[in-house]
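Examining the three-dimensional arrangement
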Amino acid sequence: MSGQSGDLVVVACCEACGAGGHYPGDATETVCPACGGVTSYRQCGHCWDHLAFGPHLRNSRRWRHPSCGYEAASRRWRELKLSEFRALTPPSLTAFYKKAGLHPFDVFGNPGRRHCHGTIVEARGVLGRASGRCRLYFEDGFITVCIETGIPFTIPFSAVAALQVGGREAWIHTLVYLRWQTGSLLLLNENFRPPQVASFLEPVVNLLESQGDVTPINSRDDTVSAHFISPRLRALAD
Ligand SMILES: [Zn+2]
Ligand SMILES: [Zn+2]
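These remarks concern the structure in this document. (Residues numbered from 1 in each chain as written. Chains lettered and ligands numbered in written order. Predicted model: local features only at pLDDT ≥ 70, side-chain atom pairs only at ≥ 80, totals over all residues.)

It is worth spelling out the overall build of the chain at this point. Within the chain, the regular secondary structure consists of five helices and 17 strands. By the burial criterion, 34% of the 238 residues in the chain qualify as buried. (Helix = DSSP H or I, 4+ residues; strand = E, 2+ residues; numbered from the N terminus. Buried ≥ 20, exposed ≤ 12 C-beta atoms within 10 Å, placed from the backbone.)

Turning our eyes to something else, we now look at the sheet that holds strand 13 (residues 160-168). If you walk across this open sheet you meet the seven strands as 12-11-10-9-15-14-13, and the pairing is antiparallel. Two strands bound the open sheet, and with one partner strand each, they are strand 12 (153-156) and strand 13. This sheet shows a mean twist of 30° between the axes of neighbouring strands, independent of strand direction. Sheet analysis places strand 10 (residues 133-138) next to strand 11 (residues 142-147), joined by five bridges and oriented antiparallel. (Pairing = 2+ DSSP bridges. Axes fitted to C-alpha atoms, helices over the stretch in contact; angles between N-to-C directions.)

Here we take up the nonpolar core. Grouped together as the largest cluster of nonpolar side chains are 49 residues, with contacts concentrated most on Leu136, Leu163, Val197 and Leu201. Taken together, domain 1 (5-84) and domain 2 (113-237) each give at least three residues to this core, which thus spans both. Contact partners of Leu136, with chain neighbours within four places excluded, come to His115, Cys116, Ile143, Val145 and Leu178. (Core = buried A, V, L, I, M, F, W, Y, C linked by C-beta atoms within 7 Å. Domains from an automatic or database assignment. Contact = placed C-beta atoms within 7 Å.)

Turning to helix 4 (residues 202-210), a few remarks are in order. Turning to helix 4, its buried residues number three or more, namely Val204, Val205 and Leu208. Mapping the buried residues of helix 4 onto a view down its axis gives an arc of 95°, with all of them on the same face. In this structure, helix 4 carries Asn206 and Ser210 as exposed residues pointing more than 90 degrees from its buried face. (Arc of directions from axis to C-beta.)

Moving on: the pairing of strand 1 (residues 9-13). One ladder, built from five bridges, connects strand 1 with strand 2 (residues 20-24); its direction is antiparallel. The partner of Val11 across the bridge, within strand 2, is His22. Here strand 1 hands over to strand 2 after six residues, with Gly18 in that stretch at a positive phi of 90°.

Summarising the element assignment, Phe157 is placed in the loop between strand 12 and strand 13. For Phe157 and Asp140, which are 17 residues apart along the polypeptide, the C-alpha to C-alpha distance reads 8.9 Å. Residues contacting Phe157, with those up to four places away along its chain left out, are Gly141, Phe142, Leu207, Leu208 and Gln211.

This part covers unusual backbone geometry. It is generally the case that most residues other than glycine have a negative phi and that most peptide bonds are trans. The backbone of Trp48 sits at a positive phi, close to 65°, despite the residue not being glycine. The residue Trp48 is located in the loop between strand 4 (38-43) and strand 5 (50-53) in this model. Here Trp48 falls in the exposed class, since 11 other C-beta atoms lie within 10 Å of it.

Right, dumping it as structure tokens:
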């Protein structure tokens with residue numbers, strides 16, 4: 001950890017697909033080895049918060065800080081080196097993994113990890129009030145569920161019954177459905193189109209498929225194309 005910040009190697013996760021990677025500490029942007037998405041690290045000109053802008057904002061001329069409302073042309077945001085960026089990995093998740101005995105450097109540097117975000121449309125079998133934003137982190141053999149109104153919990157891959165991505169192809173309107181032994185979550189993502197989210201999650205689905213739990217199907221109807229649905233779920237629907 002000594003010398004120039006350029007010598008330092010840090011781990012960071014792609015804002016789009018969640019893949020982990022190792023990057024030089026003096027970089028201000030990362031190019032994801034998995035999806036090619038560019039994540040930019042910047043500082044808010046109003047509240048000085050550190051923000052990571054994902055590939056879905058790449059073509060926006062102006063960037064906005066959702067928390068404080070500050071807005072400016074994207075090129076005017078102060079660049080931050082990865083080595084000085086405060087929350088390269090989500091702080092609450094880092095604490096959760098440390099408590100579970102996992103090393104954050106291993107977890108967040110894993111190129112096979114993925115994530116997806118969304119607003120909760122429906123939740124079943126989840127303790128407490130489940131509403132607002134939800135993030136799913138697909139790690140090595142388990143999923144961590146972070147719900148805005150609750151505490152994180154994990155689901156082993158062996159308990160997953162369905163992982164399905166669908167929505168309207170023409171809109172940026174993607175539904176992600178996760179069902180496990182004791183519950184389910186339906187999320188709405190408005191940052192990426194259904195084929196994009198499906199391709200982000202493809203390695204996870206392949207892994208689940210190899211366990212024999214989740215198999216892909218083509219489409220369900222005209223507006224909703226379900227990219228993945230498990231045989232167990234199909235059996236329930238029949
Ligand atoms: Zn990516
Ligand atoms: Zn701000």
